[in-house]
Amino acid sequence: MAEPTSPKQTRTWRSSMSEPPSLSSSSVSLTKELQCPVCLDVFSDPVSTPCGHNFCRSCLKQYWDNSHIYSCPMCKETFSKRPDLKINTTLRQVVLHYNEKFSVRRSEVLCDICDERKLKALKSCLMCQTSYCETHLEPHHRVPNLKKHKLMDPVENIKDYICQKHERPLEFFCRDDQTCVCVFCTDGDHKTHNTVPLEEMSKEKKTQLKKTQTDVQQMIQERIKKIQDIKHSAQLRKRSTDEEKAASVEVFSALIRSIERCQTELLEMMDEQQKAAEKQDEDLMKDLEQEITELKRRDSELEQLSHTDHHLHLLQVESSLYRPPHTKNWSEISMKTDVSVETLRRALTQLQETLQDKLTQTVLTVLRRMQQFSVDVTLDPDTAHPNLILSEDGKQVSDGDIRHELPDNPERFDPCACVLGKEGFSSGIFYFEVQVKGKTEWTLGVARESIDRKGGITLTPQNGFWTLILRDGKNYTACADPSVSLSLRKSPQKVGVFVDYEEGLVCFYDVENRSHIYSFTGQTFTEKLFPYFSPYLNDEGKNSAPLIIVNLQFCKVNVTPETKK
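Residues numbered from 1 in each chain as written. Predicted model: local features only at pLDDT ≥ 70, side-chain atom pairs only at ≥ 80, totals over all residues. Heavy atoms only, no water.

With respect to the overall build of the protein chain
Check the secondary structure of the protein chain and you find ten helices and 25 strands. By the burial criterion, 38% of the 565 residues in the protein chain qualify as buried. When contacts within the protein chain are restricted to residue pairs at least 6 apart in sequence, long-range pairs at least 24 apart make up 60% of them. For the protein chain, the accessible surface area stands at approximately 33,800 Å², while carbon and sulfur atoms represent 51% of it. (Helix = DSSP H or I, 4+ residues; strand = E, 2+ residues; numbered from the N terminus. Buried < 20%, exposed > 50% of the residue type's maximum accessible area, 1.4 Å probe, protein only. Contact = heavy atoms within 4.5 Å. Areas by Shrake-Rupley, 256 points an atom, 1.4 Å probe, with all protein chains shown as cover.)

Below you can see the structure in the form of structure tokens.
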């Protein structure tokens, strides 16, 4: 049977197939296996040719009735005589079981010849433009002229399959006008057009449908994989967050214990020093009281001698009485009233050192966890300013002070001496490190894909940049809005950049000094982010050192880079 291709005909023809909705993929596959290659409907009284292909008995009979050669409609194998075909009972049972299981309902087209009780039509004749039940269809299997008519599964609007101009079956398809035509049309208005039999066009359409179906299935699989990647990323991020929380609780619990211990030791030390001071005071006062007693006694003796008239007695007195008694030099003994203050200062210094050690250990733990999300970043030469020099492996960039002749493509930065990484990220977590040793000026961070690349650049999150800069060898600035000047104890030699896309987080770390530099928090990302680099100007060789992307033993645990197309 010819396959109609006009929209109206397609709807009618599809309805005649009546494929049940909501079938599983296995059911759809089974439906295809049980379709007759001629009428493209589920087999009716299936028969098998000697070459092994299956057809509806009526379809194959009609095909051979209209041909002088007995060949297979599928493989075109020719038989010396017309095969005597028998119903394939096994296949028929499978079809019956399939129809029962999936409730295949064909359109209820009634016989046009029945007078009183209309019976269900078995076939529709394109030549007669009439639908017949099994009884009234019998002449089409017996009368020679009628045997040449084209039969098809019953349809309600059989006129949709007939040329309205010539009243002939639509047997061809005009590629030029994209419409179905009859044999008379091919000798008339469409005589010079490219026309092909409907069967051939039907095969082409089926091939196109299969290709489209394959593309759709591939798109489905890609999206399923994307969902799985997102779920996997969320699981890893949750696990990482839980580990971070546990590590933070452990670190700060240790800090609290350390503070409590230092506080206890400080109080105990202060108590001990207070007791020692009190004991010292008691001993000093005891010595003073003894000296006062001795001095009072000497004073009394001197008082008596000063009133005596016995000159001989005065001359005979011990010479020691004429000298002040031996006592301590109390002017050299000072009272230490600031003992507790000095102790507190020493305790605070010790506490600060302890806290710094703990914080350094915490940052080290965080860095190690972040390095689990390391990605392999390579510089994109198509975005590099003409003055920049990129290494062959795409891992180093410096300013050469010489402008190279390069295509002025839209992706290229000009006049700002910048370059992006090839890989963009639209989800998940990623981390990379850059060596900045020997440089006096640089810019690092990430930028969104749609940033302006021509003309001047203002480095702010509103403009799509999340960056950290160094100027004049000592001035570090986070390019927020407004910008934030940073005071760093040491100059970073290697900077780590950490991004959590879903959390809206961009962090910068001093890798070797194990310290946090700055974080952009609460950001909203809606497009791909690319690593952003600027080695800045060469400055007559003072800033000639390159920015170097560090090759880490990275593990892509939850993110797949999206290389620019």
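Some points on helix α3 (residues 57-65)
For α3, the set of buried residues is Cys 59, Leu 60, Gln 62 and Trp 64. Turning to α3, the residues buried within the fold contact β1 (46-48), β2 (54-56), β3 (70-71), β4 (78-79) and β7 (151-152).

What about the sheet that holds strand β24 (residues 547-549)?
Spatial strand order, β11-β12-β24-β15-β20-β21-β22: seven strands in an open sheet with antiparallel pairing. Only two strands of the sheet have a single partner each, and these edge strands are β11 (388-390) and β22 (515-520). On average, adjacent strands in this sheet sit at an angle of 20° to one another, irrespective of strand direction. Judged from the five bridges that link them, strand β21 (residues 505-510) and β22 form a sheet pairing that is antiparallel. Its bridge partner being in β22, Tyr 509 is matched across the sheet by His 516. (Pairing = 2+ DSSP bridges. Axes fitted to C-alpha atoms, helices over the stretch in contact; angles between N-to-C directions.)

Quick word on the packing of aromatic side chains
Scanning the model with the defined rule gives eleven aromatic pairs in all. With 6.3 Å between their ring centres and 70° between their planes, Phe 508 and Phe 520 make a pair best called edge-to-face. Placement of Phe 508 in strand β21 and of Phe 520 in strand β22 is noted, with a sequence separation of twelve residues between them. Residue class for Phe 520 comes out buried when judged on its relative accessible area of 3%. (Phe/Tyr/Trp six-rings, centres within 6.5 Å; stacked < 30°, edge-to-face > 60°.)

Some details on the pattern of salt bridges
Enumeration according to the criterion identifies 18 salt bridges in this entry. Its salt-bridge partner being Lys 123, residue Asp 153 comes within 3.0 Å of it at the nearest N-O pair. Of this pair, Asp 153 sits in the loop between β7 and β8 (172-174) while Lys 123 sits in strand β5 (residues 123-125); the two residues are 30 residues apart in sequence, bridging distant segments of the chain. The residues Asp 153 and Lys 123 share a single accessibility class, namely buried. Where Lys 211 meets Asp 215, a salt bridge forms, and the shortest distance between an N and an O atom there is 3.3 Å. Of this pair, Lys 211 and Asp 215 both sit in helix α8 (residues 198-305), separated by four residues, roughly a single helical turn. Accessibility expressed as a relative area gives 32% for Asp 215, which makes it partly exposed. One continuous salt-bridge network, built from bridges that share partners, spans Lys 61, Asp 65 and Arg 82. (Salt bridge = Lys/Arg side-chain N within 4 Å of Asp/Glu carboxyl O.)

Side note on the pairing of strand β23 (residues 529-534)
In terms of residue burial, β23 counts as a mostly covered element, since six of its six residues are buried. Summarising the sheet, strand β13 (residues 419-420) and β23 pair through two bridges and their orientation is antiparallel. Residue pairing in the sheet places Leu 420 in a bridge with Tyr 532 of β23. Relative to β23, strand β16 (residues 442-448) runs antiparallel, the two sharing six bridges. Bridging across to β23, Thr 443 finds its partner in Ser 534.

Some words on a positive patch on the surface
A cluster of basic residues, Lys 32, Lys 76, Lys 203, Lys 206 and Lys 210, forms a positive patch on the protein surface. Mapping Lys 206 onto the fold places it in helix α8. Judged by relative accessible area, which is 31%, Lys 206 ranks as partly exposed. (Patch = residues over 30% accessible without salt bridge, like charges linked within 9 Å, V, L, I, M, F, W, Y side chains within 5 Å. Lys, Arg positive; Asp, Glu negative; His and termini not counted. Charge placed at Lys NZ, Arg CZ, Asp CG, Glu CD.)

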